[in-house]
Amino acid sequence: MTTVASKVVVVGSITADVTAFGNRLPVPGETVIGESFTLVLGGKGANQALAAARAGASSTMIGCVGDDPFRDIVLGGLRDGDVDTTSVTSVPGPTGVAHIRVDNTTGQNDIVIVPLANSSLTPDLAERRLRAVARSGDVLLLQLEIPLATTFRVAIVGRELGMTVVLDPAPAATLPDEIWSVVDVVTPNESEAAVLTGISVSDVDAAVVAGRWFLERGVRTALITLGDKGVVEVNEAGAHSRSTPTVKVVDTTAAGDAFAGYLGAGLANGLAWSESIDRGIHAGALAVTVAGASTSLPTADAVDAFIAAQNHDREDASCARTQAP
Ligand code: RIB
């Protein structure tokens, strides 16, 4: 009997990222001269599908694009990255757009996303597409850039089909309490965790409290990402904090997508839970060292090399401590 490998299925947004890079962000009402501009594939859903494929998983995208010239840009970006786009639906009208500004000095960004075609991903359409491709054991990656009712419906269907349901609650939104009982893993950053739980997540201890909030509502594992303060994991076995490698910040856009995509790929490929999280952390850290969103998602080789270099540095540090008089 041949076994079919598990895959990552993403139900989420696909956008054209229209990005301006400048030496500082304008304040309201101000115009500043920028340095450079890119027009590439983006959207949290598409980025996570691409990250999962770059991590070496079989990756399928379910979403909607328009019938304008941006459609070819975004579908080309997904296909070039080995993401299966046969479950993407083209609808009349414009493809979704994310208008991004990046401060080259600090690496910080702000984003206005206009869903456009993404709004056409109705619960019925997404459920139909999901049932056609999903198998028990597959990993379902969800975010919050498509209609909330759709995310809710596919989370329920994903659980029913025996998938591992991973929700990245970004951008932050108020969610119905019922969603948590069908979510296996939730991956908010500190501000998203604060919006969802009402707990101000300023440090590791507060993140643990927020993590327990999700568990009390039915989530199996909460992974709260705290930027350079690491990742806090809370599950029924307890709470555990992991550090994040120190890197030079160029652009933080899509760091969360790199984390989610690599986490999902690790789980689909049968890696140990701990290793899947660790690869997600290293992928997220590498993503902030490169400008852009989909353009910053690292390859598996880059993540392997980065992890090896970190381990090497740790061994050197431990030798130096052993040899110290
Ligand atoms: O997470 C980064 C993404 O958020 C960008 O690619 C942009 O499309 C926005 O949706």
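Described in the following lines is the structure provided in the data block. Nothing here was measured: the structure is a model prediction, and the numbers come from that model.

**Looking at the overall build of the protein**
Right, so step 1: The helix and strand tally for the protein stands at 9 helices and 14 strands.
Right, so step 2: The C-alpha atoms of the protein give 19 Å as radius of gyration, which agrees with the globular expectation for 325 residues (20 Å, within 12%).
Right, so step 3: By the burial criterion, 50% of the 325 residues in the protein qualify as buried.
Right, so step 4: Partitioning the contacts of the protein with sequence separation of at least 6, the portion at a separation of at least 24 is 68%.
Right, so step 5: With an accessible surface of roughly 14100 Å², the protein has 54% of that area assigned to carbon and sulfur atoms.
Right, so step 6: Looking at charge distribution, the protein has the averaged site of its 22 positive side-chain charges lying 4 Å from that of its 37 negative ones.

**Details of the packing of helix H1 (residues 44–54) against helix H7 (residues 255–268)**
Right, so step 1: As a packed pair, H1 and H7 sit with axes 7 Å apart at the nearest point and diverge in direction by 50°. Judged on the interaxial angle alone, H7 and H1 are oblique. Our pair here, H1 against H7, has a crossing hand that is right-handed. For the pair H1 and H7, the contacting residues are Lys44, Asn47, Gln48, Ala51, Ala52 and Arg54 in the first and Asp257, Ala258, Ala260, Gly261, Tyr262 and Ala265 in the second.
Right, so step 2: For the contact of H1 with H7, a count of residues per class yields 6 nonpolar, 3 polar and 3 charged.

**Some words on the site of the ligand**
Right, so step 1: Around the ligand, the surrounding shell holds 15 residues, and the nearest of these are Asp17, Gly43, Lys44, Glu145 and Asp257.
Right, so step 2: A distance of 2.8 Å is found between an oxygen atom of the ligand and a side-chain nitrogen or oxygen belonging to Lys44.
Right, so step 3: For the ligand, whose accessible area on its own is 280 Å², the fraction buried by protein is 97%.
Right, so step 4: Within the residue set of the shell around the ligand, elements represented by two or more residues are strand S2 (15–22), H1, strand S7 (96–103) and strand S8 (109–114).
Right, so step 5: Split by residue class, the shell around the ligand holds 6 nonpolar, 5 polar and 4 charged.

**A word on the pattern of salt bridges**
Right, so step 1: Overall, the coordinates contain 14 salt bridges when judged by the stated rule.
Right, so step 2: Put simply, Asp177 and Arg217 hold a salt bridge, and the shortest N to O gap is 3.7 Å. On the criterion of sequence distance, the pair formed by Asp177 in the loop between strand S10 (164–167) and strand S11 (185–186) and Arg217 in the loop between helix H6 (204–216) and strand S12 (221–225) is long-range, its members being 40 residues apart.
Right, so step 3: Residues Arg217 and Glu216 are paired through a salt bridge, measuring 3.7 Å at the closest nitrogen-oxygen approach.

**Looking at the pairing of S7**
Right, so step 1: Most of S7 is tucked away, with 6 of its 8 residues classed as buried.
Right, so step 2: One ladder, built from 8 bridges, connects S2 with S7; its direction is parallel. The partner of Thr19 across the bridge, within S7, is Ile100.
Right, so step 3: With 6 bridges connecting them, S7 and S8 associate as antiparallel partners. Looking across to S8, one finds that Val97 is bridged to Val114.

**Let's talk about H7**
Right, so step 1: Counted at 1.5 Å a residue, the expected span for H7 with its 14 residues is 20 Å, and the 20 Å between its end C-alpha atoms agrees.
Right, so step 2: Judged by how many residues are buried, H7 sits mostly within the fold: 12 of 14 residues are covered.
Right, so step 3: Along H7, the residues that are buried comprise Ala255, Asp257, Ala258, Phe259, Ala260, Gly261, Tyr262, Leu263, Gly264, Ala265, Gly266 and Ala268.

**Comments concerning the packing of H7 against helix H8 (residues 273–287)**
Right, so step 1: Across the interface, H7 lies against H8 with an axial gap of 7 Å and an inter-helix angle of 155°. On the basis of their axis angle, the class for H7 and H8 is roughly antiparallel. Here the hand of the crossing between H7 and H8 comes out right-handed. Touching Ala255, Ala258, Phe259, Tyr262, Leu263, Gly266 and Leu267 of H7 are Trp273, Ser276, Ile277, Arg279, Gly280, Ile281, Ala283, Gly284 and Ala287, all from H8.
Right, so step 2: Here the contact of H7 with H8 is built from residues that sort into 11 nonpolar, 4 polar and 1 charged.

**Details of a nonpolar patch on the surface**
Right, so step 1: A cluster of nonpolar side chains, Phe37, Leu39 and Ile73, forms an exposed patch at the surface whose accessible area comes to about 250 Å².
Right, so step 2: Relative to the helices and strands, Phe37 is located in strand S3 (residues 36–42).

The rules we used
Residues numbered from 1 in each chain as written. Predicted model: local features only at pLDDT ≥ 70, side-chain atom pairs only at ≥ 80, totals over all residues. Heavy atoms only, no water. Helix = DSSP H or I, 4+ residues; strand = E, 2+ residues; numbered from the N terminus. Rg over C-alpha atoms; globule rule 2.2 N^0.38 Å. Buried < 20%, exposed > 50% of the residue type's maximum accessible area, 1.4 Å probe, protein only. Contact = heavy atoms within 4.5 Å. Areas by Shrake-Rupley, 256 points an atom, 1.4 Å probe, with all protein chains shown as cover. Lys, Arg positive; Asp, Glu negative; His and termini not counted. Charge placed at Lys NZ, Arg CZ, Asp CG, Glu CD. Axes fitted to C-alpha atoms, helices over the stretch in contact; angles between N-to-C directions. Parallel < 35°, antiparallel > 145°, perpendicular 65-115°, else oblique. Left-handed = near helix turned anticlockwise from the far one by under 90°. Nonpolar A, V, L, I, M, F, W, Y, C, P; charged D, E, K, R; others polar. Near = heavy atom within 4 Å. Polar contact = N/O pair within 3.5 Å; in protein donor to acceptor, adjacent residues only side chain to side chain. Salt bridge = Lys/Arg side-chain N within 4 Å of Asp/Glu carboxyl O. Pairing = 2+ DSSP bridges. Expected span 1.5 Å × (residues − 1). Patch = residues over 30% accessible without salt bridge, like charges linked within 9 Å, V, L, I, M, F, W, Y side chains within 5 Å.

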